[in-house]
Amino acid sequence: MKNRSKVLVAVALLGLVILGVFAYFISNIILADNTTFDEDVKYVYIRKTDDFTAVVKKLEPLLDNIDYFQLVADKKKYQVKSGKYPIEKGMNNNEVINSLRSRNTPVRLQFSYEKSISSLSQTLSKQIAIDAESIYKTLTDSTFLEKNDLNRKTVSAIFLPNTYEIYWDITAEDLRDRLYREYDNFWNADREKKLENLEFSKIDASTLASIVRKETSQLEEADRIAGVYINRLEKGIPLQADPTVIFAMQRQSEEPLEIKRVLTEDLKIDSPYNTYQNRGLPPGPICIPEISYIKAVLNYEQHDYYYFAADPEDPGFHNFAKTLRQHNRNARKYRRWMNEQKVYR
């Protein structure tokens, strides 16, 4: 009986040891703080191509004991999911794994004025898990363009600079479709009515807005410049917009071309974008303007101006004229200033 009692005591003690080890495991490996940073939160960005080894490598700088994390991840049968996940200060391994499983956090995707779809693709790629080339190919996909009655010259009109809440691991196709839905939603009944009054299409409005944006970065005079161009369109007068000539020259150049001054000889360039040689609007936008410039077109200032020239006494702004005689006087003044600044091209 004594031996049996000793065995029972030994078994009980062993059980206590096992329970103690288990309690240690629970408290130190599963439930203890395993973060090693001072900020309130850090984010882990997991790509669709990442495996568990890649996730561990990304977590290693954030966790005090990466081996404990791997042990718990194995026990909980963690499966890698792409996305942006928060790791908060003081999290234990169990909480880290739960976050990686279910807390894919949206990012605020932002873009403003862009020179082209190519530059837009670069801007977007820096904020999400898609490379610029893939974004560009998706935005200009021929099937998508045909389906939505677009082409490579007009497609830039559908991208409205704004802030969009999306998931970091969004696909290129889903991103494109989201941007198109936002464009579609932008054109509500009120704006559609204004288009009708202008006898404009949506593409027309974006195209004119892009020219206005290239003419001025001063939003306060954008509606006045839009009014000048609309007056000219209604009278059948060529827009004669220097930015369209610059755009045409850049499109035909094999090398990057920076032009600060349009010369008389430039006005003869053979291009559908040359609004000195062609009446009406060019085939599509010459940049991706902010939404505020589209609104400036829709709410253009009604006046009797048909001309404008840069004002050397108020950089960034323009002098407006109702007659060609007044305009020539303003233009000469600006040309003299350009010569004084030695700006010849």
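Let us look at the structure shown here.

The rules behind the values
- Residues numbered from 1 in each chain as written.
- Predicted model: local features only at pLDDT ≥ 70, side-chain atom pairs only at ≥ 80, totals over all residues.
- Heavy atoms only, no water.
- Helix = DSSP H or I, 4+ residues; strand = E, 2+ residues; numbered from the N terminus.
- Buried < 20%, exposed > 50% of the residue type's maximum accessible area, 1.4 Å probe, protein only.
- Contact = heavy atoms within 4.5 Å.
- Arc of directions from axis to C-beta.
- Polar contact = N/O pair within 3.5 Å; in protein donor to acceptor, adjacent residues only side chain to side chain.
- Axes fitted to C-alpha atoms, helices over the stretch in contact; angles between N-to-C directions.
- Parallel < 35°, antiparallel > 145°, perpendicular 65-115°, else oblique.
- Left-handed = near helix turned anticlockwise from the far one by under 90°.
- Phe/Tyr/Trp six-rings, centres within 6.5 Å; stacked < 30°, edge-to-face > 60°.
- Lys NZ or Arg CZ within 6 Å of the ring centre and 35° of its normal.
- Lys, Arg positive; Asp, Glu negative; His and termini not counted.
- Salt bridge = Lys/Arg side-chain N within 4 Å of Asp/Glu carboxyl O.

### Quick look at the side chain of R213
Then, number 1: With respect to the helices, strands and loops of the structure, R213 is situated in helix α10 (residues 202–215).
Then, number 2: For R213, a relative accessible area of 15% gives the class buried.
Then, number 3: Ignoring anything within four residues of it in the chain, the contact list for R213 reads Y113, C287, P289, E290 and Y293.

### Digging into helix α6 (residues 132–139)
Then, number 1: Taken together, the buried positions of α6 are A132, I135, T138 and L139. The buried residues of α6 occupy an angular sector of 130 degrees when the element is viewed end-on, so they sit on one face. In α6, the exposed residues that point more than 90 degrees away from the buried face are E133 and K137.
Then, number 2: Put simply, D131 is the residue that caps the front of α6, since its side-chain oxygen is 3.2 Å from the backbone nitrogen of E133.

### Topic: helix α3 (residues 66–75)
Then, number 1: Regarding α3, the residues found buried are I66, F69, V72 and A73. One face of α3 carries all of its buried residues, which in axial projection span an arc of 125 degrees. Projecting away from the buried face of α3 at angles above 90 degrees are the exposed residues D67, D74 and K75.
Then, number 2: With a side-chain oxygen lying 3.1 Å from the backbone nitrogen of D67, the N-terminal cap of α3 falls on N65.
Then, number 3: Following α3 by one or two positions, K77 adopts a phi angle in the positive range, close to 55 degrees.

### Focus on the packing of α3 against helix α4 (residues 93–102)
Think of two packed helices as two axes; the pair is described by the angle between the axes and how far apart they sit.
Then, number 1: Where α3 meets α4, the closest approach of the two axes is 9 Å, and the angle between their N-to-C directions is 60 degrees. Accordingly, the angle class assigned to the pair α3 and α4 is oblique. Along this stretch, α3 crosses α4, giving a crossing that reads as right-handed. Between α3, through Y68, F69, V72 and A73, and α4, the contact on the second element is made entirely by N93, V96, I97 and L100.

### Describing the packing of aromatic side chains
Then, number 1: One pass over the full model with this rule turns up 12 aromatic pairs.
Then, number 2: Measuring from centroid to centroid gives 5.1 Å for F186 and W187, while their planes differ by 85 degrees, and the two rings are edge-to-face. Pair check on accessibility: F186 and W187 agree, each one buried.
Then, number 3: With centroids separated by 5.9 Å and ring planes inclined at 20 degrees, the aromatic side chains of Y334 and W337 adopt a geometry described as stacked. Within this pair, Y334 and its partner W337 are both found in helix α14 (residues 324–340), separated by three residues, close to a single helical turn.
Then, number 4: We classify Y334 as partly exposed; its relative accessible area is 25%.
Then, number 5: With a relative accessible area of 30%, W337 lands in the partly exposed category.
Then, number 6: Here the aromatic cluster, defined as three or more aromatic residues joined through ring pairs, consists of Y229, Y305, F308 and F320.
Then, number 7: Lying over the aromatic face of F186, R191 brings its terminal NZ or CZ to 4.0 Å of the ring centre.
Then, number 8: If you follow R213 out to its NZ or CZ, it ends over the ring of Y113, 4.2 Å from the centre.

### Focus: the side chain of R261
Then, number 1: In this fold, R261 is placed in the loop between α12 (242–252) and α13 (291–298).
Then, number 2: In this structure R261 is buried but unpaired, with D242 as the nearest side chain of opposite charge at 8.6 Å.
Then, number 3: The contact partners of R261, leaving out residues within four places of it in the chain, are D266, R335, M338, N339, V343, Y344 and R345.

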